[in-house]
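# A structural walkthrough
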Amino acid sequence: MALDALFKPFEFKSLKLPNRVVMAPMTRSFSPGGVATDEVAAYYRRRAENQVGLIVTEGTGVARPASLNDANIPRFHGEKELAAWKKVVVEVHAAGGLIAPQLWHVGSAKGKDVLGKIDSPSGLSKPGGNPFTEPMTDEEVADTIAAFASAAANAKALGFDAVELHGAHGYLIDQFFWNGTNVRGDAFGGPGISERSKFAAEILKAVRAAVGPDYPVIIRLSQWKQQDYAVKNAETPQLLEAWLQPLADAGADIFHCSQRRFWEPEFEGSDLNFAGWAKKLTGAPTITVGSVGLSGEFIAAFGGEGSQPASIDGLLERLERDEFDLVGVGRAILQDPEWVVKIRDGREDELKSFERSALGVLY
């Protein structure tokens, strides 16, 4: 039956997953002073105990002064911080799970706190207007690339099973991709998407050098931005290939393709979604994500909109025909640690609705 496609093992390099379900990264802000707590470790362990194939953690900040914009988001540098992440790895592995940290730099995206000098390709948080900070210098660009590589090396040393780079949703790496926020005239800018991909490619090369050839490196990408839901880095399949292929060549193993609704076609004339096109053009494994198992999309959740459980039949059909390889599930697993086993065992009547209040607790 179609459900078998979701529970078929997946292997790539050293990554051996029991099924195709990936817990999508979701910011939780439950790490005071940037240090993940025992409660955070228990939160991830519960998902491992309930058969999530791969857990991707909430975004965690690399070693740059303002890589984060909320003091309660965990950092991925420093002795206390890394010791806390080691606890998370131990707990998840003890429950039979697999886990990857998502390495993050928010760039010029605004948040609760300003924790240092803001990094930005061109000093812009969105297209137009006057720059509100200075563009990154060559030295700052180099330091940021090195910070991602160092974090990836630490991930491997701590025993994480893979690493993911956050290159989506209008944060720093995506700010370099986007012509609306990258108007640089040097090697890290330019009119073409392949030119603006150089920053991400250099990070990927440095990460690959730090972790070696067999360690799985994932990069999360999106066309949409929190600053503009309709914008696209690549308006055509040709431009999408020009964007993604340099990243694959630089060391990206798996593309985590974020959409607000996974069922929406990426381009006219084809039913393929973003993950489907990424796999078709590069041949790399892909993760689809976006409102899986729920009736409403996640941006609306922050405005208080709830979502009801929704059929995954369409998702299973796409997975069965190999449109993509893995399925990212966010809010449904945030609300209910048992979501995977309930789906596996046909307990759809026990699935929970998503309510905004779930963002305020660690189930």
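Structural data are supplied above this passage.
A brief report on the enclosed structure follows. (Residues numbered from 1 in each chain as written. Predicted model: local features only at pLDDT ≥ 70, side-chain atom pairs only at ≥ 80, totals over all residues. Heavy atoms only, no water.)

## Re the overall build of the protein
Along the backbone of the protein there are 13 helices and 10 strands. Here the C-alpha atoms of the protein give a radius of gyration of 19 Å, agreeing with the 21 Å that 2.2 N^0.38 yields for 363 residues. Seen through its C-alpha atoms, the protein measures out along the principal axes to roughly 55 × 50 × 40 Å. With 363 residues in all, the protein has 59% of them scored as buried. (Helix = DSSP H or I, 4+ residues; strand = E, 2+ residues; numbered from the N terminus. Rg over C-alpha atoms; globule rule 2.2 N^0.38 Å. Buried < 20%, exposed > 50% of the residue type's maximum accessible area, 1.4 Å probe, protein only.)

## Here we look at helix α8 (residues 237-250)
Taking 1.5 Å of rise per residue, the 14 residues of α8 would be expected to cover 20 Å, and the 20 Å separating its terminal C-alpha atoms lies within 8% of that figure. Listed in full, the buried residues belonging to α8 are Pro-237, Leu-240, Trp-243, Leu-244, Leu-247 and Ala-250. In this fold, the buried residues of α8 make contact with α5 (172-177), α6 (193-196), α7 (198-211), β7 (217-225), β8 (254-258) and α9 (274-282). (Expected span 1.5 Å × (residues − 1). Contact = heavy atoms within 4.5 Å.)

## Some remarks on helix α4 (residues 138-158)
Under the 1.5 Å per step criterion, the end-to-end length of α4 is 30 Å for 21 residues, consistent within 8% with the ideal 30 Å. Of all the residues in α4, the buried ones are Glu-140, Val-141, Thr-144, Ile-145, Ala-147, Phe-148, Ala-149, Ala-151, Ala-152, Ala-155 and Leu-158. Turning to α4, the residues buried within the fold contact α3 (79-94), β5 (99-104), β6 (163-169), α5 and α7. The positive-phi residue at the C-terminal boundary of α4 is Gly-159, with phi of around 100 degrees.

## Some details on the packing of aromatic side chains
Applying the stated rule across the entire model yields 12 aromatic pairs. Ring centres 5.9 Å apart and planes at 50 degrees place the aromatic pair Phe-76 and Trp-85 in the tilted group. Take Phe-76 and Trp-85: they sit in the same class, and that class is buried. With centroids separated by 4.0 Å and ring planes inclined at 20 degrees, the aromatic side chains of Phe-176 and Phe-199 adopt a geometry described as stacked. Highlighted residues: Phe-176 in helix α5 and Phe-199 in helix α7, separated in sequence by 23 residues. (Phe/Tyr/Trp six-rings, centres within 6.5 Å; stacked < 30°, edge-to-face > 60°.)

## Side note on the nonpolar core
Soluble globular proteins tend to bury their nonpolar side chains together. Core analysis: the biggest nonpolar cluster contains 91 residues, and Trp-243, Leu-247 and Trp-339 have the highest contact counts within it. Beyond its immediate sequence surroundings of up to four residues, Leu-247 is in contact with Phe-177, Ser-197, Ala-200, Ala-201, Leu-204, Leu-221, Ala-252 and Phe-255. In terms of nonpolar packing, the next biggest core, distinct from the first, is built from 13 residues, Phe-10, Leu-98, Ile-218 and Ile-254 among them. (Core = buried A, V, L, I, M, F, W, Y, C linked by side-chain atoms within 4.5 Å.)

## Description of the pattern of salt bridges
This model, assessed by the stated rule, comprises 24 salt bridges. Across the pair Asp-253 and Arg-208 runs a salt bridge whose closest N-O atoms are separated by 2.6 Å. Of this pair, Asp-253 sits in the loop between α8 and β8 while Arg-208 is found in helix α7, placing the two residues 45 residues apart along the sequence. For the pair Asp-253 and Arg-208, one class covers both residues: buried. The partner of Arg-347 in a salt bridge is Asp-345, and the shortest N-O contact between them spans 3.8 Å. For Arg-347, a relative accessible area of 23% corresponds to the partly exposed category. (Salt bridge = Lys/Arg side-chain N within 4 Å of Asp/Glu carboxyl O.)

## Description of a negative patch on the surface
Among the surface-exposed residues, Asp-4, Asp-313, Glu-317, Glu-320, Glu-348 and Asp-349 lie close enough to one another that they form a single negatively charged patch. The leading source of residues in the negative patch is helix α11 (residues 313-320), at three residues. The class of Glu-320 is partly exposed, set by a relative accessible area of 46%. (Patch = residues over 30% accessible without salt bridge, like charges linked within 9 Å, V, L, I, M, F, W, Y side chains within 5 Å. Areas by Shrake-Rupley, 256 points an atom, 1.4 Å probe, with all protein chains shown as cover. Lys, Arg positive; Asp, Glu negative; His and termini not counted. Charge placed at Lys NZ, Arg CZ, Asp CG, Glu CD.)

## Here's the deal with the environment of Val-114
Considering the arrangement of structural elements, one finds Val-114 in the loop between β5 and α4. Measuring from C-alpha to C-alpha, the distance between Val-114 and Ser-67 comes to 9.6 Å, with 47 residues separating the pair along the chain.

## Topic: unusual backbone geometry
Of note, the phi angle at Lys-13 is positive, near 50 degrees, even though the residue is not glycine. Structurally, Lys-13 can be placed in the loop between β1 (10-12) and β2 (15-17). Overall, Lys-13 belongs to the partly exposed group, its relative accessible area being 35%.

## Focus: the sheet that holds β7
Read around the closed barrel, the eight strands follow the order β3-β4-β5-β6-β7-β8-β9-β10; overall the barrel is parallel. Each strand of the sheet is rotated relative to its neighbour by a mean of 25 degrees, with strand direction disregarded. Here six bridges tie β6 to β7, and the two strands are oriented parallel to one another. Across the sheet, the residue bridging to Val-163 is Val-217, located in β7. Set on the sheet, α4 makes contact with β5 and β6; between it and β5 the angle comes to about 165 degrees. (Pairing = 2+ DSSP bridges. Axes fitted to C-alpha atoms, helices over the stretch in contact; angles between N-to-C directions.)

## Side note on the packing of α4 against α7
Their axes nearest at 8 Å, the elements α4 and α7 cross at an angle of 35 degrees. The two elements α4 and α7 meet at a crossing, and its hand is right-handed. Residue-level inspection shows Val-141, Thr-144, Ile-145, Phe-148, Ala-149, Ala-152, Ala-153 and Lys-156 of α4 in contact with α7, the latter providing Phe-199, Glu-202, Ile-203, Ala-206, Val-207, Ala-210 and Val-211. By residue class, the composition of the contact of α4 with α7 is 12 nonpolar, one polar and two charged. (Left-handed = near helix turned anticlockwise from the far one by under 90°. Nonpolar A, V, L, I, M, F, W, Y, C, P; charged D, E, K, R; others polar.)

## Some remarks on the pairing of β6
Summarising burial for β6: seven of the seven residues are buried, a large majority. Taken together, the two bridges between β5 and β6 define a ladder with parallel strand orientation. The residue bridging Leu-103 from the neighbouring strand is Leu-165, located in β6. Crossover connection from β5 via α4 to parallel β6: handedness right-handed. (Right-handed = clockwise from strand over helix to strand, strands pointing away.)

Keep in mind these values describe shape, not function.
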